[in-house]
Amino acid sequence: MEQDREIDPNWYAESFGELYSLIYAHRSVEAARDEVRFAAEAVKLQPTDRVLDLACGGGRHMTHLHPNVDFLVGLDYSSTLLAMAQRERGESFRLVRADMRAVPFVAAFDVVFNFFTSFGYFRHEDENRMTVQSVARSLRSEGRFFIDYINPDAVRRGLEPHSVRKAGLYTVDDTRWIDDNEGRINKRTRVSRENRYVATFEESVRLYAPEEFEQLLLQGGLRIERFYGDFSGADLSPDSQRMIAVGHKTG
Ligand SMILES: C[S@@+](CC[C@H](N)C(=O)[O-])C[C@H]1O[C@@H](n2cnc3c(N)ncnc32)[C@H](O)[C@@H]1O
């Protein structure tokens, strides 16, 4: 049973390479367009804002942010995805390789965006708190943030323990389970091509109830003003597709 094998606590360092962009190809630059439109409105983005896309991956959201702001930086841990972003989106993109627990900027940004479940990766809660503190530190006074996260209720309710899909020439075999002791959703993905094994990836993300998320962020210096349940601006409910938090730096 996949559940019997523990997820590697450093899974995030291995799971976002070349194959990631192939098997998540449906999460495209085009699909990011409306997400950026909504996010920009939610934080009242101004052309003069200095913006960080935290965990920018291949830069698909940056593509749409870029024409709207003068100063934009993308930060990610994956050198593969950063190289892809630079290659595909052009030299003018400012990209930094760093760990989200230690964002190497102080009071540098007016807005931090964090799209597509790029948080809650670390096994120890102190490390997830460090990430919040690091975002708060990187923001100027009254700086705003937008975090697009999973809705724990919907994840629990809609859990599909096993699925198989095609992604181009690849077969993607996903096993998912919830670890109630750790409060996490785990996924192990086995990729094959023409019946030949290619690779295995893991993902493990913390499931935060909205109140718990609010507390975690507040302890780290970020105050949530509003939750949304999706990119159309609906309120958060147990059925919402997403848990989107918008707010500002405290103090
Ligand atoms: C689910 S992907 C989302 C990427 C991008 N926001 C998007 O929507 O396409 C998560 C991203 O987090 C990055 N990441 C994982 N661990 C990280 C860390 N410790 N510090 C910074 N980035 C990290 C991955 O490399 C990956 O690009």
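Relevant structure appears above.
Residues numbered from 1 in each chain as written. Predicted model: local features only at pLDDT ≥ 70, side-chain atom pairs only at ≥ 80, totals over all residues.

Asks: Where do I start with helix H7 (residues 210–220) in this structure?
Replies: Residues lying three or four places apart along an α-helix face the same way, a consequence of the helix completing one turn every 3.6 residues. For H7, the set of buried residues is Phe213, Leu216 and Leu217. Seen along its axis, H7 keeps its buried residues to an arc of 95°; they face one direction. Exposed residues lying more than 90 degrees from the buried face of H7 are Glu211 and Gln219. If you follow the buried residues of H7, they end up packed against helix H5 (125–138), strand S10 (222–228) and strand S11 (242–249). Two residues or fewer after H7 comes Gly221, characterised by a positive phi angle close to 100°. (Buried ≥ 20, exposed ≤ 12 C-beta atoms within 10 Å, placed from the backbone. Helix = DSSP H or I, 4+ residues; strand = E, 2+ residues; numbered from the N terminus. Arc of directions from axis to C-beta. Contact = placed C-beta atoms within 7 Å.)

Asks: Can you walk me through the pairing of strand S6 (residues 162–167) in this structure?
Replies: Remember that side chains alternate between the two faces of the sheet whenever the strand is regular. S6 sits mainly on the outside: zero of its six residues count as buried. In terms of strand pairing, S6 meets strand S7 (residues 170–179) through six bridges, oriented antiparallel. Residue pairing in the sheet places His162 in a bridge with Thr175 of S7. The antiparallel hairpin formed by S6 and S7 contains two residues in its connecting segment, where Gly168 sits at a positive phi of about 60°. (Pairing = 2+ DSSP bridges.)

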